[in-house]
Amino acid sequence: MKKLCSAGVPFQGLDPLSKLVALLCVAALSMHWDKAAPLSVMLLFLAGAARFGAGMPWGKLGRRMGYIAGFGVPLFAVTALAAPSSGEQISAGFLSIPLNSVSAAAAVCLRMFCLFMSSLIYIETTDPKQFVVMMTTRLKLPYRFVFGVSMALTFLPLLAEEGRVAADARKIRSARAPRGLTERLAQLRGRLLAVFAGAIRRIEQTAGAMDAKGFGAYPERTFLREAALSRGGVWLMAVSVICGAGLWFI
């Protein structure tokens, strides 16, 4: 079953460390580039990697991008209005926005989309248990810190699913779509409260389980299974570093 899953989702069979190196290379390039054109190409590449490498359906990918678009659109508007004005102007009604400001705003938004997309691919294809073992044994990071990161990787999908279930339950109880801004805000507030309550409940359960197992009682921790570097992971790290260094200087 594991081989079948890895064959259907190529990134699923790679070790967490190799994917982390690729993620850092993507993040470095996205922060280095300040033009919209290369960032657009990177975003298209990451979208293809999410669909065919991480096995994410287009619908799910579109919904995830819709969430970040709620932050990207206001950021685009603020950046376009606040950037220094020079050169050719673009008229939009009573506003006159410089072309370089629009380009800078587009680059900022595309950078945010690229960082979000690459992180989403990593979260979707990485087992938190393997992440803990790899980061602790290979990189020699403190296991308390690594466990904190792994909990975030575990809880985020669970909380997102709880929010979706709470939203569906509210739709069934109300039997109609929300009307007006007041009802929409009330529905959003109820969804956020449900997610917050679920997060608190999971934190209490996790804290109790960790305390019962004596978490943090010893400076070092042993593991039953060791996560090894895969051959595909080594190739991914080499290609990521070489391509990242080459694109950095182009």
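Here's what I pulled together on the structure shown here. Computed from a predicted structure; not experimentally measured. (Residues numbered from 1 in each chain as written. Predicted model: local features only at pLDDT ≥ 70, side-chain atom pairs only at ≥ 80, totals over all residues. Heavy atoms only, no water.)

## Focus: the overall build of the protein
Phase 1 of the analysis: Broken down by element type, the protein carries nine helices and two strands.
Phase 2 of the analysis: The order of α-helices and β-strands along the protein, N terminus first, is α-α-α-α-β-β-α-α-α-α-α.
Phase 3 of the analysis: Buried residues in the protein amount to 30% of all 250 residues.
Phase 4 of the analysis: Here the analysis covers contacts within the protein between residues at least 6 apart in sequence; of these, 73% occur between residues at least 24 apart.
Phase 5 of the analysis: Carbon and sulfur atoms form 68% of the exposed surface of the protein, whose accessible area is close to 15,900 Å². (Helix = DSSP H or I, 4+ residues; strand = E, 2+ residues; numbered from the N terminus. Buried < 20%, exposed > 50% of the residue type's maximum accessible area, 1.4 Å probe, protein only. Contact = heavy atoms within 4.5 Å. Areas by Shrake-Rupley, 256 points an atom, 1.4 Å probe, with all protein chains shown as cover.)

## Here we look at the side chain of Thr136
Phase 1 of the analysis: Mapped onto the elements, Thr136 comes out in helix H6 (residues 128-137).
Phase 2 of the analysis: Not counting the four nearest positions on each side in its chain, Thr136 is found in contact with Leu141, Tyr143, Val146 and Phe223.

## Looking at H6
Phase 1 of the analysis: Where H6 is concerned, the buried positions are Phe131, Val132, Val133, Met134, Met135 and Thr136.
Phase 2 of the analysis: Its buried side turned inward, H6 meets helix H2 (16-32), helix H5 (99-125) and helix H7 (143-174).

## Considerations on the packing of H2 against H6
Phase 1 of the analysis: Relative orientation of the contacting elements H2 and H6 amounts to 80°, with a least axis distance of 9 Å. The angle between the axes of H2 and H6 places the two elements in the roughly perpendicular class. The residues of H6 that touch H2, namely those facing Pro16, Leu17 and Leu20, are Gln130, Phe131, Met134 and Met135.
Phase 2 of the analysis: Residues belonging to the contact of H2 with H6 are distributed by class as follows: six nonpolar, one polar and no charged. (Axes fitted to C-alpha atoms, helices over the stretch in contact; angles between N-to-C directions. Parallel < 35°, antiparallel > 145°, perpendicular 65-115°, else oblique. Nonpolar A, V, L, I, M, F, W, Y, C, P; charged D, E, K, R; others polar.)

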